[in-house]
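Structure assessment
Listed below, chain by chain, are the residues.
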Amino acid sequence: MPTRREMWERLGGDVDVLVVGGGITGSGIARDAVRRGLSVALVEMNDLAYGTSSRSSKLVHGGLRYLEQGELAMVFESVSERRILMDLAPHLVNPLGFLFPVYKGSRHNLFVINTGMWLYDGLSLFRSPKIHKNLKPKDVAELEPALDQKGLKGAPLYYDCSTDDARLTLETAIDAADQGAIVCTGAKVKRFLKGEDGRIRGALVEDTLHGGGTKEVRAKVVINATGPWTDATRALSSIPGQEHKKVLRPTKGIHIVVDAAKLPVKHAVVCFHPTDERVLFALPWGDRTYVGTTDTDFEGDPKDVAATLEDVDYLIDASNAYFPNHKIAREDVIATWAGLRPLVAPPEKTAGMSESDVSREHEILVGRDGLITIAGGKLTTYRRMSAEVVDTAVKLLRMQGGAKGLKPSRTDESPLPGGQGWPEDDDHDAVAKRVRAASEDRLEPDVARHLADNYGMRAMAIAKLVKEDPGLAHRLVAGRPEILAQVTYAATDELAASVTDVMVRRTQLFYRDVDQGLGCLDAVAHELARRLGWDERTQRAMCDAYRAEVALARRWKTEIR
Ligand code: FAD
């Protein structure tokens, strides 16, 4: 894998397709396009999955609640994609049981929910991870003892999938790079290059990591996949006096993370908020549980999005209503994250509509300047959305006499890098054993399993690093499974270019460690400095930037209500 520096060197010159934005959508587009045989460059101003794609609820799901809104086509598409992603990334997309408790006086009765469940399973052509079943209160008490049992009438148990959104994005981008795409992080589009006919012919890209130099990237087609920045990117092409209309109504969603011992859930639990009846989840996450999400309109710069005290209290209230014997308080919150849904709908069209009612469907727009914009959608449907965008790009390329001799992208059957060679029976333990053996038993069993779960078959490469240098098996935080070799690998093979990239998106220490990784900051920075050639000043600046990231996620603690 070329380093980020090498990617920057390769950037420039001419490509068929320039993708702006390295979230799940942009990465999916780059993967699809390069697999069809197009020359592709993807530029991301920060890190892969820096935006919404590392801040979701981390579910690959049909979205049961969208059934109620009558969005059958979207649910059908999502459950079909769920099946495909389970095959493409079996290490990262894992079945998760969801309990839907129904109490006396609940808005929905068991019969209606059960009918919905049949429809949900039916839309997946009965290829859900498992078919739903109805649990009686005594079964629920046994399976999920922390849940409030008072007035419980029963709880359907259905299945969707959990994932690591940032790693799903990363592996999609890595596959694109493996196929020949230039994937350059720390590269921001400052303005578009235009021909005399007013059509976009590429972009001026700034190096946001090292020194701010710029490069011109010429492209036959440019795709705007910038999620919450969609309108800002479209505005880069506006002529004064002819500004583009806004297409997004971004809404903010936050999550809180607590110790699983404080809120012990074995399944995802579907909750309705006691004050406004919005749906949210309590989700099991190994040694942690997270609760989310909120849905509120957001105006401002997406980079400043953060949880407020009101958001945190809202989630705590819901959790305490459903788990009265496991009440959590503000001081139990280990971490928060906040993201923006890039929902499509000009704000005026949805005025008066509640945030949760704005559709999650996506839209592809082609401007008069030739810019293709993709907005909306879900993590779950990224692959199919990306294929549609590339179809549009191919049409524009053909109008210019290009895109000859393309092949099918086969993104529905080619596993992501970590899924290549994964066992058919999905036996994570068996892979963990192989990983441990590859390290000549220098990795402890829990670490080997952690690596198998997160990297799939690519964990073998990390095991080899440890075999060659046993010091890399050092745990970054005592008692936790994250090790130093993951930092090395992030720098050499996963395009990580900052401490924050490693803490937040390559490992999840930012969310999972009680100290959000601050205790191992120096060790991480030192290893990255060694691999990426940072001087001391850079190292210090990288640590400060990470501290600022943590401070933003903890800012709610300084608020008073
Ligand atoms: P992003 O991930 O935001 O990527 C856009 C990228 O563009 C950013 O990385 C940004 O840095 C880059 N960029 C911006 N401007 C420039 C520029 N000028 N030059 C270069 N780069 C630029 N979906 C699901 O399927 N399941 C879920 O459980 C789920 N939960 C969600 C929960 C929440 C709270 C939210 C907010 C969303 C959730 N979603 C979920 C939706 C899903 O996360 C998003 O639809 C998806 O991640 C959007 O990805 P994206 O690539 O379009 O945008």
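For the structure itself, look to the data block above.
Residues numbered from 1 in each chain as written. Predicted model: local features only at pLDDT ≥ 70, side-chain atom pairs only at ≥ 80, totals over all residues. Heavy atoms only, no water.

**Focus on the site of the ligand**
Taken together, 37 residues lie near the ligand, and Thr 25, Glu 44, Ser 53, Leu 59 and Thr 380 sit nearest. Take Thr 380: an N or O atom from its side chain is 2.6 Å from an oxygen atom of the ligand. Calculation on the ligand without its partners gives an accessible area of 1000 Å², and the protein chains cover 96% of this total. For the shell around the ligand, the secondary-structure elements that each account for two or more residues are helix 2 (24-36), strand 9 (187-194), strand 12 (251-259) and strand 17 (335-341). Split into classes, the residues belonging to the shell around the ligand amount to 13 nonpolar, 18 polar and six charged. (Near = heavy atom within 4 Å. Polar contact = N/O pair within 3.5 Å; in protein donor to acceptor, adjacent residues only side chain to side chain. Areas by Shrake-Rupley, 256 points an atom, 1.4 Å probe, with all protein chains shown as cover. Helix = DSSP H or I, 4+ residues; strand = E, 2+ residues; numbered from the N terminus. Nonpolar A, V, L, I, M, F, W, Y, C, P; charged D, E, K, R; others polar.)

**Thoughts on the pairing of strand 12**
For strand 12, the tally of buried residues reaches eight of nine residues, placing the bulk of the element in the interior. Examined bridge by bridge, strand 12 and strand 16 (residues 296-297) share two bridges and lie antiparallel to one another. Bridge assignment links Thr 251 to a residue of strand 16, and that residue is Asp 297. Across seven bridges, the pairing between strand 12 and strand 17 is antiparallel. Each residue of the ladder has a partner; that of Lys 252, found in strand 17, is Leu 340. As judged from the five bridges shared by strand 12 and strand 15 (residues 288-292), these two strands associate in the antiparallel manner. (Buried < 20%, exposed > 50% of the residue type's maximum accessible area, 1.4 Å probe, protein only. Pairing = 2+ DSSP bridges.)

**Topic: the environment of Val 487**
Mapped onto the fold, Val 487 is located in helix 14 (residues 484-493). Under the relative-accessibility criterion, Val 487 is labelled buried at 0%. The residues contacting Val 487, other than those within four sequence positions of it, are Leu 476, Val 502, Val 524, Glu 527 and Leu 528. (Contact = heavy atoms within 4.5 Å.)

**Some points on the side chain of Thr 293**
Mapped onto the elements of the fold, Thr 293 is located in the loop between strand 15 and strand 16. Looking at Thr 293, the relative accessible area reads 11%, which means it is buried. Reaching out from Thr 293, the side chain makes a polar contact with the backbone nitrogen of Ile 254 at a distance of 3.1 Å. If sequence neighbours within four positions are ignored, Thr 293 has contacts with Ser 57, Gly 253, Ile 254, His 255, Arg 278, Val 279, Leu 280, Leu 315 and Arg 341.

**Description of the packing of aromatic side chains**
Per the stated rule, a full pass over the model turns up 14 aromatic pairs. Plain terms: the ring middles of Phe 100 and Phe 272 are 5.8 Å apart, the flat faces sit at 45 degrees to each other, and that makes the pair tilted. Residue Phe 100 is located in the loop between strand 4 (94-99) and strand 5 (102-103), and its partner Phe 272 is located in strand 13 (residues 268-272); the two are separated by 172 residues in the primary sequence. With relative accessibility at 9%, the residue Phe 100 sits in the buried group. (Phe/Tyr/Trp six-rings, centres within 6.5 Å; stacked < 30°, edge-to-face > 60°.)

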